[in-house]
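Residue strings, one per chain:
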Amino acid sequence: MGFQKRRPGPLMTGLLVGLLLLFSWMTFAKSTSLSALAHYPNLCQTTQEADGRRYPGFFCPRLSDTPEEAYCCHLQAAGGYCCTREEFEALYQVNLSALPPPPILRGPGALLALGLYSLLLVALMTADLVHFCSSRGRGAGRSRSRLGSPSSSAARPLQASSVEQLRKEGNDLFKCGDYEGALSAYTQALDLGATPLDQAILHRNLAACHLKLEDYDKAETEASKAIEKDGGDVKALYRRSQALEKLGRLDQAVLDLQRCVSLEPKNKVFQEALRNIGGQIQEKVRYMSSTDAKVEQMFRILLDPEEKGTEKKQKASQNLVVLAREDAGAEKIFRSNGVQLLQRLLDTGETDLMLAALRTLVGICSEHQSRTVATLSVLGTRRVVSILGVENQAVSLAACHLLQVIFDALKEGIKKGFRGKEGAIIVDPARELKVLISNLLELLTEIGVSGQGRDNALTLLIKMVPRKSPKDPNNSLTLWVIDQGLKKILEVGGSLQDPPGELAVTANSRMSASILLSKLFDDLKCDAERENFHRLCENYIKSWFEGQGLAGKLRAIQTVSCLLQGPCDAGNRALELSGVMESVIALCASEQEEEQLVAVEALIHAAGKAKRASFITANGVSLLKDLYKRSEKDSIRIRALVGLCKLGSAGGTDFSMKQFAEGSTLKLAKQCRKWLCNDQIDAGTRRWAVEGLAYLTFDADVKEEFVEDEAALKALFQLSKSEERSVLFAVASALVNCTNSYDYEEPDPKMVELAKYAKQHVPEQHPKDKPSFVRARVKKLLAAGVVSAMTCMVKTESPVLTNSCRELLSRVFLALVEEVEDRGTVVAQGGGKALLPLALEGTDTGQTKAAQALAKLTITSNPEMTFPGERIYEVVRPLVSLLHLNCSGLQNFEALMALTNLAGISERLRQKILKEKAVPMIEGYMFEEHEMIRRAATECICNLAMSKEVQDLFEAQGNDRLKLLVLYSGEDDELLRRAAAGGLAMLTSMRPSLCSRIPQVTTHWLEILQALLLSPNQELQHRGVVVVLNMVEASREIASTLMESEVLEILSVLAKGEEDPITRAAAACLGKSVEYGLIQPNQDKK
C-alpha cells in the first residue's frame, strides 16, 4: 500500500498562470532596440544560450570592478563585462550625455495589472484553503488505518523531545563557552534521527562551534549540510561565508554573503561583511595583477645569459624568493608556468640560480598538496633527490629543505588558504611518499654522492619515517623501510672515512646512521618485528665477516660499532656472533692505524654497555692500558683513553665504588683536558676527549678540577659550536654531571640503616657533590659562557640533536636558573629564547624541565623583556603543561606564579591562557591543601578576571566561584585574603550584578567585609572599601543593609583620615548613601 500523491491545488495552478501572464506582459513591454538599451547602460541582461546554459544578469560596477567601470559592454551577461563610459560610447557609437534620462514606468497599466493580480491571488488562496481542508478530511480515515503499532507512535514524541532537550543543552553549553561540550550535545541529537528542519539547525549550530574552535574546514562542511537541508537558512549561509573567508576562498564566501543580503536586505551585519570581503577581493585582484608583470620580468632577467653575475640578477632572485613566501605570490608563480622556468634555472648549474630556484620551490610547495604533486610531476622526484647529492653544501641543504617541505605537504595535506584547483589532481599520498623515500634510500649507496648529501638524506629519513607518536598504530612505513633499505643504511654506517672508500662519508655519517637505526628499532611494536630486524642485521654482518678477508672483517666490525651507538640490543647480539669479539681484541694489536682505530672504537662502544663492561674489565683493561702507553699515534691513544674512562666510571656517582686506584681518574681527566685544549689536533679526534670527560665527570673531584680549568671550558664550548656535531651529546652529558642536574633522591635514613644491617651496598654521595659545591660550579660555568654555547647547540639542525640530548640541555638550563641572582645572566645570553624549543619538543621529562626553567625566568624577570615580541605568547603552552597532576607541587606553584605575571600584562595574553584551557586547572588548585599553591591559583584567577570570559563564568548561575572568593577574603592567610579581595573588587567593579549575589552566597559576608575594612594592612583595607563602594553603587537595598550595620561607623572613621585612595573611596560610599537618603550629611563638616 503506497501513499497517494497529492494533486496540486488551485493556488499553485493560479499562481503559475498569473506569473506567466505577468512575464509575458513584461517581455512584450521590454524594448529590444539598441537605442532603448542605451537608456540602461549599467545593466548586463540575463542570457539564455541555445544549449540551455543560462547566465544571470548583473549591474555594473561589481565588487571586483573599479567605480569608473559602471557601464556594461555588450549588454549580455554571457559575454558582457563592466567597462568605463568612454569604452561604452566608443563601442555603441552613442553619446550618453545627449540621450534623455531612462524612462520610469509610472503609467496606470502596471498598477492596474498589479491590482488585478492581487485580487486573483486572494481568491486562489481561499480556494486552496477549502481544497486542502476537504482533502484532509477524506484522507483522515485512510491515515488512521495505515498507522503502525502503538509503540512506534509513542516513540516519536519521546524522540523529538530528546532531540529538543539535547539541542537546548548544547545551546546552554555554547553560551557558557564550552564549545566541545556543545559539539557533543549537537552530535548526539543528530544521531537520534532528527527531522530535516532540526537537522539543518543542528548542522548550523555545529558550524558555529567549529568556528569558535577555529576548525574552519569542519565549519564549512557542517554549514553546507545545513544549507542542503534548508537552502534559505541565512545563518548557515553566513557561517559558511565566515569559514570560507578564513580559509582564503573569498570568491565563494562573497557568493554566500550576496545570497544573505538578498534574503535579508536590511541586515547591517551582512552588508558590512559584504563590504569588507569586497575590499579584500579588490586588494587581492590588484596584488595579483601587479605581480603578473613582476614575475615575468624576474624570470626574464634570471634566464638572460647576458645578465650573468650582475647585481640586477641577484636582486631578481631575491625578489622571486620573497614573492614565493606569500601564498598569493606562490600561486601566481605557479600559474605563470613558473615550475618549468625554475627547472631551467636548476639546469644552469650556477649556485646562486639553483639556490634561488630551490627556495622559490619551497614557497610553491609549502603546505599545498596539489602544487607539490604538480611540481614533482614536472621536475621528477628523482631529479629533486639527485640535487641533494651535489658537492655544494648550500645547494644540498636547500634541496634538503625542499624535500622536507614536499614530505610535509604530501603527508599533512593542505592546511591553509589559497587552494587553486584542488579537485583537478587526484593524489595517492602513500604512493608518492614511498617513491620519495625509495629515491632517498637509493641515494645512500650511490657512487658520486657527496658526504654532505648522504648526511642530508639520512636526516630526511630520520624525520620522515618513524611515527611521531606511539599512539599512532600505523608503523607500516617503518616496516617497509626496514625491508627495502636496512642494508643500505648499514652500508653507510659501516663505511670508513679514512681512508676514503667507495662511499663518500663525513665524520657525522655513522652517527646519523646510528640514530636512524635506533629510531627504526624503537618504532617496532612486537617481538616478531624486532626479531626480523635482528636477523637482517646479523645476516648483513655475517655476509661481510665470512669470506671477505680482512677488509670484510673491518667493515663488519665498523657496522657493529654503528649498531652499538644506535639500537644497542642489536649491537650486543652482533657482538655475540662467532668470532666478532675475538677479532676486535686481535685487531687492537694490529700495526695498521686504520685497523686499530676500527677495533678500539668497537671496544669503546662495547664497554659502554653494562652487558659487556664486566667482560672487557676483565679482559680488555690491560689491552687498553698497553695501547695508551705504547702507541705513538694520538688518535689511538685518545681512543684507548676513552675506553679506560668508560670503565673507570662504571660506578657512576657512587663514591664508594672505585674501579681504579685513587687518583687514576684525575690523571685520565687531566690528559683528556690536555688533548681537548690542543688546537693542533683535528676536531674529530678532540671529540673523543670530550667523550672521556663525559664519563669521568661522574667523579666530583674531576668536576672541581674541570670547572677551574678556564682553557678547557673555553675549548669545550668552541668545539660545541664547530662543525663536529657528534660531540653535542658528550658536551651535554659533561655539563649535566658538573651541575648535578641528573635525578637524585635523598635516601631514606631508615632504609639506609636497614640496608647496612642486611649488609647490602649503600650508595654514598661524594662530599664535593653537596649543594654549596654545586652552586659554586654553576657560577663558574656561567662566567665561562655556558649559556651562549648551549644556545648554539639548541639551534643545531642536525639529527645528532636527539630528544635525549635535548633533555640533557633542559636539565642543565634548569640548574643554571635555580638561583635568582643567576637568571639575569641566563636571559642576557639568550637562554630564554633557547628554552622555548626545548619546552615544545623532546622527551616528556625534557619538556617539563625546560618549562619549569621558563617558569622561573617568568616569575622573577619582566616577561616582555625576557621574551620580546611574539615570543612571549609561545611561553603560555609550556607553562600550562606544568599544571597537570603528574607534575610536582613545586612545578604547579611556579607555573601558577608565572601565569599570574603573564595574565597581568595584556588582554591578548589572557586570551591565550584561556585558549589553552588553563582556567579549569587553575580553579582546581584553588582547593589545594598547600597554602602557597592555593594562594598562587587565587592570584592567577584575580588577574584573569579582567577578561570577559572569566567574568561570564563568575556571573553564570549554579556555581560557587563567587562564594569561594568571598570566603577566602576572610581567611587567616593574609596573602590569600589580599588575592581574593582583589579579585572580588575587580569583579564587582566590572559586573555590578555580582554585588547583589554576595549577601546570598554566605551569611558571614558582612563580617568578612568589616574585617577587611578594619585590617591594619592598607592593601586589604583598600580592597575592602572598593568592594563596599561597588555594592553601595549597585543597589540601594544593599546600601541600606550596609548602612544599618557597623560598616557606617567604620566608613565614617576612614573618611576622616589623610587624603588617600582609602579615604576617597570611603567618602564616596557615604556620599552615595546620602544621595539615597539613607543617612544625613555631616552638618559640622558643612
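Computed from a predicted structure; not experimentally measured. (Residues numbered from 1 in each chain as written. Predicted model: local features only at pLDDT ≥ 70, side-chain atom pairs only at ≥ 80, totals over all residues. Heavy atoms only, no water.)

This brings us to the overall build of the protein chain. Across its full length, the protein chain carries 58 helices and six strands. Looking at the 1086 residues of the protein chain, the share that counts as buried comes to 47%. Residue pairs at least 24 apart in sequence account for 66% of intrachain contacts in the protein chain once pairs closer than 6 positions are excluded. Accessible surface computed for the protein chain: about 54,900 Å², of which carbon and sulfur atoms make up 53%. (Helix = DSSP H or I, 4+ residues; strand = E, 2+ residues; numbered from the N terminus. Buried < 20%, exposed > 50% of the residue type's maximum accessible area, 1.4 Å probe, protein only. Contact = heavy atoms within 4.5 Å. Areas by Shrake-Rupley, 256 points an atom, 1.4 Å probe, with all protein chains shown as cover.)

Our next topic: the state of the cysteines. Under the counting rule described, the total for this entry stands at two disulfides. Paired by a disulfide, cysteine 73 and cysteine 83 hold their sulfur atoms 2.0 Å apart. Given an S-S torsion of about 90°, the disulfide between cysteine 73 and cysteine 83 has right-handed geometry. With cysteine 73 in strand S5 (residues 71-73) and cysteine 83 in strand S6 (residues 81-83), the pair connects residues that are ten residues apart, well separated along the chain. In this structure cysteine 73 comes out as buried when scored by relative accessible area, which is 1%. Look at cysteine 83 and you get buried, because its relative accessible area is 0%. Lacking any disulfide linkage, cysteine 942 is separated from the closest cysteine sulfur, that of cysteine 940, by 9.7 Å. On the basis of relative accessibility, which here comes to 11%, the residue cysteine 942 falls in the buried class. (Disulfide = S-S within 2.5 Å.)

Let us now look at the confidence of the model for the protein chain. Scored by pLDDT, the protein chain comes out at a mean of 79, with 81% of its residues at no less than 70. For the stretch residues 1-8, pLDDT sits under 50, and the model shows four contacts to residues farther than four places along the chain or on other chains. Long-range and interchain partners of residues 414-426, a stretch whose pLDDT sits below 50, account for 31 contacts in this model, where long-range means more than four residues apart. (pLDDT = per-residue confidence, 0-100.)

Let us look at unusual backbone geometry. Despite not being glycine, glutamate 214 shows a phi value in the positive range, around 65°. Checked against the element boundaries, glutamate 214 lands in the loop between helix H7 (196-212) and helix H8 (216-229). On the basis of relative accessible area, glutamate 214 is assigned to the partly exposed category, the value being 43%. Located in the positive-phi region is lysine 917, a residue other than glycine, with phi close to 60°. For lysine 917, the location among the structural elements is in the loop between helix H47 (907-915) and helix H48 (919-925). Taking relative accessible area as the criterion, lysine 917 reaches 48% and is therefore assigned partly exposed.

Before going further, it helps to examine the UniProt feature "repeat: TPR" (unreviewed entry) in the protein chain. Under the local residue numbering, the UniProt record ascribes the feature "repeat: TPR" (unreviewed entry) to residues 234-267. In this annotation, residues 234-267 is assigned 79% helix and 0% strand; the end-to-end C-alpha distance for the span is 11 Å. (UniProt positions renumbered as here; feature names shortened; annotations may be inferred.)

It is worth spelling out the nonpolar core at this point. Ranked by internal contacts, the top residues of the largest apolar core, which has 253 residues, are Leu816 and Leu1042. Broken down by element, this core gets its largest block of residues, ten residues, from helix H18 (residues 393-412). Residues within four places of leucine 1042 in sequence aside, it is in contact with Trp1005, Leu1006, Leu1009, Val1028, Met1031, Val1032, Val1047 and Leu1048. Membership of the second largest hydrophobic core comes to 17 residues, among which are Val234, Leu250, Cys260 and Ile277. (Core = buried A, V, L, I, M, F, W, Y, C linked by side-chain atoms within 4.5 Å.)

Our next topic: the pattern of salt bridges. Inspection of every chain in the model, using the stated rule, returns 43 salt bridges. Between arginine 935 and aspartate 973 there is a salt bridge, with the nearest N and O atoms lying 3.3 Å from each other. Highlighted residues: arginine 935 in helix H49 (residues 931-944) and aspartate 973 in the loop between helix H51 (961-968) and helix H52 (974-990), separated in sequence by 38 residues. A residue is classified by how much of its surface remains accessible, and arginine 935, at 14% relative accessible area, is buried. (Salt bridge = Lys/Arg side-chain N within 4 Å of Asp/Glu carboxyl O.)

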